[in-house]
Amino acid sequence: MTKTSMRASTMLDVVALKSAYKDLSDKPQYQRRFHVMAKPGGAKCNIDCQYCFYLHKEDLLHQPKQPKMDDETLEAFVKSYIESQDGDEVVFSWQGGEPTLLGLDYFRQIVTLQKKYQPAGVRIENDLQTNGILLNDEWCEFLAQNNFLVGLSIDGPEEIHNKYRVTRSGKPTFHLVMNAVETMKKHGVRFNALVTVNNHNVKHPLEVYRFLTQELGVTYIQYNPVVEPSDFKTTAPQFWNDSMIPTVGSELAKPGHPMSVVTDWSVDADDWGQFLIATFEEWVNNDLGRVLVNLFETAVAQVMGKPSQLCITAEFCGKGLAIEHNGDVFSCDHYVYPEYKLANVKDRPLNEMAFSIRQQAFGTAKRDSLPKYCSECPYLKLCWGECPKNRLLKTPDGEEGLNYLCPGIKAFFDYSLPILTGISVLLGQNQ
Ligand code: SF4
Ligand code: SF4
């Protein structure tokens, strides 16, 4: 399948596969598992990070100035999400924009609804991704009591964090985030760090890592590289103008050039590789088994032949949908564009959307649209072409669909694969 096939898949109707429905035969359980990233407050945020890929959605999706998922839609979502899945655990993930802007009472209502529809024997978990600015004692009491796991957005120590994470009037936010850390610790709220790796902090891997692990005491870190196409505000991935796609290694394939394919604050792919190598070295030498780093955990698992723990390094996409404040459901959090809308939660159960032919086509296109350059890559099964939204480049022989981060990913595996293999052998022996 070519890149065009991804486009075609967005035109298909949402026709549910048989697997969308509960199988009451003797077959194994857990056939219907998927994840939905909920954005009940839309793109509304109380700060103005320059690199945020989501703020512009206010315009693209014609969001109102104060978007808020209304009571009827919220209840339809909670009910459908719980009823659409098998297994003994349902995980809700609340994101934005900034979800705490909806207020604490809104989240109390969410927990009440979850209890209303919670089947016997099913555990309900909640993740909240936040910039932390509104997290006071009252919030933290609630989060601790209801066992929320907070993903705190923090980009490193003060100077590094404040480079891009500023208020709408351009004021720094680091001290506000540190207040949130203190308050969460006081109340025993579980939290981890979400680090957006941009063109600035990518140059300071050890400062970032040591600050998080040694000063904040964080034991789980998610690193997300910023890769923002220059025309990301209006155009969905895979819908870019082909003539504008640069070749890997060219000047236009790097940030900083006026005609670059990415914005200035995006990471340079080579820098991303060096960032990963330096962080990995530090992690292996000091924190293996003590600190979890999303990209390294999955690399170890995949080298051991286990499935990827992250969608970006998995063979297929499609198991992580996104719901907007008005109930519209999209194929992925990174594909909240009109072309990738599946349906509205008030019109269709989520399982029909998650297990539909159209969503399956979206998912398999991740593997089937890879260029030959990736199919022949020694790291294919550890990378799978990374996230399709980042496939902005042409390969050296001119084929489209190569990931912007490819040079960095290759450099990282060139360095780390022997060590990853050693770790996997040790783990295998322990098992
Ligand atoms: S498009 Fe990217 S973020 Fe979305 S499911 Fe696929 S790999 Fe994950
Ligand atoms: S490292 Fe590069 S060539 Fe190899 S699979 Fe990943 S994106 Fe493709």
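As a reminder, the structure under discussion sits directly above these lines.
Quick caveat: nothing in here was measured; it's all calculated off a predicted structure. (Residues numbered from 1 in each chain as written. Chains lettered and ligands numbered in written order. Predicted model: local features only at pLDDT ≥ 70, side-chain atom pairs only at ≥ 80, totals over all residues.)

Things to note about the site of ligand 2
- Taken together, Tyr373, Cys374, Cys377, Tyr379, Leu380, Cys383, Gly385, Glu386, Asn403, Cys406, Ile409 and Lys410 are the residues near ligand 2.
- Top element by residues in the shell around ligand 2 is helix α15 (residues 406–430). It accounts for 3 residues.
- Taken together, the residues of the shell around ligand 2 break down into 8 nonpolar, 2 polar and 2 charged. (Near = placed C-beta within 6 Å. Helix = DSSP H or I, 4+ residues; strand = E, 2+ residues; numbered from the N terminus. Nonpolar A, V, L, I, M, F, W, Y, C, P; charged D, E, K, R; others polar.)

Section: unusual backbone geometry
- Residue Gly97 follows Gly96 across a cis peptide bond; omega there is 15°.
- With respect to the helices and strands, Gly97 occurs in the loop between β2 (89–94) and α4 (104–117).

Examining the site of ligand 1
- Taken together, Cys311, Ile312, Cys317, Gly320, Cys332, His334, Lys366, Cys387, Pro388 and Lys389 make up the full set of residues adjacent to ligand 1.
- Split by residue class, the shell around ligand 1 holds 6 nonpolar, 2 polar and 2 charged.

Some remarks on the packing of helix α8 (residues 205–215) against helix α9 (residues 269–286)
- Between α8 and α9, the least distance of the axes is 9 Å, while the angle of their chain directions is 40°. Compared by their axis directions, α8 and α9 come out oblique. The element α8 and its partner α9 pack so that their crossing is right-handed. When α8 is examined against α9, the residues Pro205, Leu206 and Tyr209 are found in contact with a partner set consisting of Phe275, Ala278, Thr279 and Glu282.
- Split into classes, the residues belonging to the contact of α8 with α9 amount to 5 nonpolar, 1 polar and 1 charged. (Axes fitted to C-alpha atoms, helices over the stretch in contact; angles between N-to-C directions. Parallel < 35°, antiparallel > 145°, perpendicular 65-115°, else oblique. Left-handed = near helix turned anticlockwise from the far one by under 90°. Contact = placed C-beta atoms within 7 Å.)

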